[in-house]
Every structure is written in C-alpha cells, then in structure tokens.
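# Structure at a glance
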Amino acid sequence: MSFLIAVLVIVIIAAIIFLAWFISYRQKGGCPVCALQKITKPTKNTIPVENEPAYSNKAALTPPMGWSSWNTFRQNISEELILSTAVAMKATGLLDAGYKYINLDDCWQSSMRDENGRLQGDLEKFPHGIPALISAINRMGMKVGLYSSNGTLTCEDLPASLGNEVKDAQTIAEWGCEFFKYDFCHHKIISGNAPVVEAIEISAPGKSAELTLYPENAEFGGRAAALNIKKLPTGKGIGFLNHGAGSATFRPVINTGGKYVLTILTYKQFTRSESYLQVIINGEIYEVFFPRTNAASPTARTQLVVKLDGGTSEIIIKNPVATVADSSYIQYRRMGKALKDVSKKISYEKGTEEKPIVFSICEWGIAHPWNWGAKAGNMWRTTLDIFAKWYSIHMIYRRTLKLYSYARVGAWNDPDMLEVGNGKLTDEENKTHFSLWCMLAAPLILGNDLRLLIGSDGEPKKDSSILKTVTNKSLILIDQDSLGKPAKMIKKFHGIDIIARPLANGDAALCFYNTTAHVKGISFDINDAAADEYLNLNSSSSYQVHELWSDERFSAKTISASLQKHGCKVYRISSN
C-alpha cells in the first residue's frame, strides 16, 4: 500500500510540475502543445516538404560509383595512400567499370582552419594540399569527394561545417571537389523555441530606421497572435511562433531595392533558452539564432543584412522546427543549397561548364531522411554505419528494401559503403552483398584496399574473386539502370527473400537471397512477378532468363535454383 501511495505522490507532483510549465509557457507567448511534438513524434517531419522543389542539381542521375577511405583506413589516410589508391582504381579496370569517385572520409583536414577561416588539408599528411591532390586525380580521369559534418565537429573531432556552410562549400567547390559526404556527428538540434517579437525595423546601411513594422501591421497564420506585454515599450509583441505554431507576415513598401539592415526587437524574458526564427523575404530564407541570456534588460536587438526589392516585399517570420526531423531537414537543406549555389557561381565566373557536387546526406536514418532527402540532396543514409559482418549487411538491406518508393533518379537510398573484400566475409557473401546493393539501386562505394588487387608485376589480379565480384558488368548495369527504381519484396519463401526491380527497357531484375545458414532450394513461377504492377513486366508463357553470376541463359516460365548459405541468384528477365 505504501508503494502505491508513493507512486501516486510522484504522479501528482509530476502532474503539478507539468501543469505549471504548461501555464507558464503559454503565458510567455509559447504554444506548449506544439512544443510537445519534439518529444511525441521526433522523427516526423512537419515542414511541408511536398511543396518544396526537388534538389535537381543534375548530378547522380544514376547511383554514384567510387571508393571511400573510411571502411579500411579510417583516420590513417595520407596523400600517398590516396594517390596510390587512385592508381589502383585505374590499373584494375575499376575506373572503366564505372567507379569514378575517390572519396576522402574523415581526417583529411587539419585541426586548424587557415588564416581566412577556411578548411585545409592535414598539414603533415597532405603536404601539397588538397587542391593539388584533386588536380592529380582529375588528370587520371577520376573525381574526388570530401567529407565534413553538420555538427560543431566531425566524428573524429576535427573542424566541421555548422555555421560555415557557405564558406566550406565555396572552398571545396573552388578546389574541384565533386562529391561531398555530410555526416551527423556533434549534431546540434535547432531550437523550436521562438522569441516574442516586439517590432522589426528596416534601415539602409548606416542610416536610421526608415520603417518600423509592429504587431498591428502583421497578418497572422496558425496560432500566432499579438500579445499584451507590459514590459515592452510598445506594450505589445508577437507570440506563439514556436515549434511551427504560427507565422506573422508583413508587406512593407520600399522605394528602392537593395541591401537593408533588418533589426528584430525581441522580449528577452522569453529567451532564457536558445531560440530561433526564420525570416523569409520574397522566398529567400534568412536564419536568426538568439542565444541564451542572463542579461538584465527586458529587450534585445538582433540584426541581419537582407535584400529587399523595390516596391512591396513579403516578410514572413516563423519558427518551423517542431521536431528533430525538422531540424535535420533545415540543416541539410542549408548545406545542399550552398553547394548548388557555389558550383553555379564558380562556373559562371570562370565561364566553364558547371561541376555539380553530389551531396551525400549521412544522417544515419535517425530523422527518417527518406521523407525529405530528395529535397535536400542526392542520396541519404538509411541506417547507422555498416560493418563487415553479415548481420550488419542483412539488417541494412532489410531496412533499405522497405524504402524503395522514396528513391528516384538523382535521389537515392544509401545503405552505406560496400564491405566487399573486408573482414571475414565469404566469397558467396561478397557476391550476395554486391547483388543486394545493385538490386537496391544503391550507390556502389567500395571500401576495401584496392592496392591489394594489384600483383607484384603491377598488373591486376585477374583471378581475384573480389575484383571479379565488383566488376560484374551485368550487375552494374542493373544498379545503374536509368529508370532508377529499386527492388521491392515480391515474396518470402522458407527463408528466401524474392525481390525484384523494373528496368528501363521493360525487363525485370529478379533476385533470390537465402537469408539462412543452410543450403536452400527454390522454384518460382515468373508470372508471380509479372503480376506485380510495380515491375511492369509483360506476362508471357515463357521468358528469356539470364543468370548474372553464372552467365547461364535459358527460356522458361519457372526458375529453379539451389542457394548456398547467405547466397543469391540474380536474373535478368525479358518477356518474349
């Protein structure tokens, strides 16, 4: 009985605390119900991304193919290692097979930014600098990718790009980088809190305010409203802007277009924690971060320089961050926009063809980036990091397979880099791993030591099972199919996954994957696949079948196969 009483007391105390917070938050101009979304549905994106345009930077029109330093070398990379890997990429025929990116993961950069605050290569490991390295690899016919994180530091605690998005995008674009992986370490969530806004002053640089916008000048959307605030000089302020609760829109008239100073007057009593606003001017988003404060003054002035058109402008203020997914979307979209803008700017200034940068969103799947990734970049990680263990490969495959409907041309689910040739994976597992990634329309980014594929005579090891696996032309054609539709699950059969994807010429790719540790047999009627509308495969009394590992070709209506432990068979099927 005493235990129940103790529990009841705890519940009552918690309810009182919650009620006190609820009332206080509302009295301070906040929407408490809106604030709770970050706890109750953190992975839900509440920003209407369906209204946003696709990323469309004319890059990654098929899944990118290349190599990354991380899986094998991690922090132990150098100029010599990267150059020798590029040489091996070309000598082994991997470049001819379609692998064209040499990607430097974490630890390419120095712990110091240069005197202009720009990223620079590790001063010891990359003595000639990253631009010279990129130039050398470009001359070999390959492209170079670099890495950073959207947090305060990278995963290895080196300088990252939060707050430096435009500068870092400008830097790597000027160097000639054509692939950019943006990680999630030291991530800092954007606050959903918003200050109460007393007024907005507009002035030309160096001049007094030309125009002041007050709450009575605003059009309110959602829960946003004008509040009576006695401590403010005007007695009023705009509240309920937090966690996507509402917005305030102003339509000032400016005689002459150009750069102006926007001064936002806020009530500091309501910004004891960090807060955030977006100021959207004629469609252009400006972000304003308000720090925590212990200042005695009840008001604060925060300024930014903006561009206003001559005539009527539209100024919207709001905080759309209701959940952590909203925060991630805003941050990755910010970097994606910077990459697109600078690559266009550089090509315009130099009068050269644009070199778009493939933007790889490495958010680990935490904020469900498949819901918004196509609006922010070219590819998005679906899970945490891969390991050269079969359980890891299988788990990532299963998770990514379910997301087939989100991928499209120029926007890909990314189940992480390939582990073919790493760890203790068997030859059969290596083949299955590669096959599944091709069926998923996944980026094919090798993670093994390519130098080991070269013999002492400097020639590629033609008997290497690893090299044969990753250069299987028929499988690569499946991965690189221009239709861009990944595989979906057709059927499960006693531990065998039957997955298939449609191909641009009307064919279908069919894969049997034995998920078990035992030899399994299967017989499958191809008409069962043709009945699935997603595949768009014409039904037939007989089909032309090509098994892509054995190169066996035959005509049949039914396919029978024996599958080894963790083994697979992949077929390209054509209707007669």
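The rules behind the values
Along each chain, numbering runs from 1 in the same order as the chain's sequence is written. Where local features are concerned, this predicted model is filtered to residues with pLDDT of at least 70; where side-chain atom pairs are given and counted, the filter is 80 or more; whole-chain, interface and lining totals use all residues. For the side-chain quantities, the full set of heavy atoms in the structure was used; hydrogens and water were omitted. Here an angle of 0 to 180 degrees is reported between the N-to-C directions of two axes, which are lines fitted to C-alpha atoms, with helices fitted over the stretch in contact. Counting from the N terminus, the helices are the DSSP runs of H or I reaching at least four residues and the strands are the DSSP runs of E reaching at least two. Working definition: roughly parallel below 35 degrees, roughly antiparallel above 145 degrees, roughly perpendicular at 65 to 115 degrees, and oblique for all remaining angles. Should the near helix be turned anticlockwise from the far one by less than a right angle, the crossing is left-handed, and should it be turned clockwise, the crossing is right-handed. Here, two residues are considered to be in contact whenever any of their heavy atoms come within 4.5 Å of each other. We call Asp, Glu, Lys and Arg charged. Ala, Val, Leu, Ile, Met, Phe, Trp, Tyr, Cys and Pro are nonpolar, and the rest, Gly among them, are polar. A side-chain nitrogen of Lys or Arg and a carboxyl oxygen of Asp or Glu constitute a salt bridge if their distance falls within 4 Å. Relative accessibility under 20% of the residue-type maximum defines a buried residue, over 50% an exposed one, and the middle range a partly exposed one, all with a 1.4 Å probe and only protein chains included. Pairing between strands is defined by DSSP: at least two bridges between the two strands are required.

Closest axis-to-axis distance for the helix α8 (residues 165–175)/helix α9 (residues 324–350) pair is 8 Å, and the angle between their directions is 45°. Our classification of the angle between α8 and α9 gives oblique. Judged by the twist between their axes, the crossing of α8 over α9 is right-handed. Between α8 and α9, the contacting residues are Glu 165, Val 166, Ala 169, Gln 170, Ile 172, Ala 173 and Glu 174 on the first element and Arg 334, Met 335, Ala 338, Leu 339, Val 342, Lys 345, Ile 346 and Lys 350 on the second. Taken together, the residues of the contact of α8 with α9 sort by class into 9 nonpolar, 1 polar and 5 charged.

By the definition in use, this model includes 20 salt bridges. Put simply, Asp 341 and Lys 337 hold a salt bridge, and the shortest N to O gap is 2.7 Å. Remark: Lys 337 and Asp 341 occur in helix α9; sequence separation between them is 4 residues, near one turn of the helix. Among the residues examined, Lys 337 registers a relative accessible area of 39% and is labelled partly exposed. Here Arg 398 makes a salt bridge to Asp 497, at a shortest N to O gap of 2.9 Å. Remark: Asp 497 occurs in strand β23 (residues 496–502) and Arg 398 occurs in helix α10 (residues 390–401); sequence separation between them is 99 residues. Here Arg 398 falls in the partly exposed class, since its relative accessible area comes to 23%. A relative accessible area of 2% places Asp 497 in the buried class. Several salt bridges converge on common partners, so that one network encompasses Lys 143, Glu 178 and Lys 355.

Below, the discussion takes up the sheet that holds strand β22 (residues 488–493). The strand order across the open sheet formed by 6 strands is β22-β23-β24-β29-β26-β27, and the pairing between neighbours is antiparallel. A single partner strand is all that each edge strand has here, and the edge strands are β22 and β27 (553–556). Going across the sheet, the axis of each strand differs from the next one's by a mean of 25°, ignoring polarity. Where strand β26 (residues 543–547) and strand β29 (residues 568–575) come together, 5 bridges link them in antiparallel fashion. Residue Val 545 lies in a different strand from β29, and its bridge partner there is Ile 573. Of the strands in this sheet, β22, β23 and β24 (508–514) touch α10, which is tilted by about 120° from β22.

Here the focus is the sheet that holds strand β17 (residues 315–318). Spatially, the 5 strands line up as an open sheet ordered β7-β10-β17-β13-β14, and their pairing is antiparallel. At either end of the open sheet lies a strand with only one pairing partner, and these are β7 (219–222) and β14 (284–290). Between one strand axis and the next, the sheet turns by 20° as a mean value, whatever way the strands run. Packing of α9 onto the sheet brings it into contact with β13 (275–281) and β14, and relative to β14 it is tilted by some 130°.

What follows concerns the environment of Leu 211. Within the element layout of this structure, Leu 211 appears in strand β6 (residues 211–213). Taking the C-alpha atoms as reference points, Leu 211 and Pro 63, 148 residues apart in sequence, are found 51 Å from one another. Apart from residues no more than four positions distant in its own chain, Leu 211 is found in contact with Ile 200, Glu 201, Ile 202, Pro 252, Val 253 and Ile 254.

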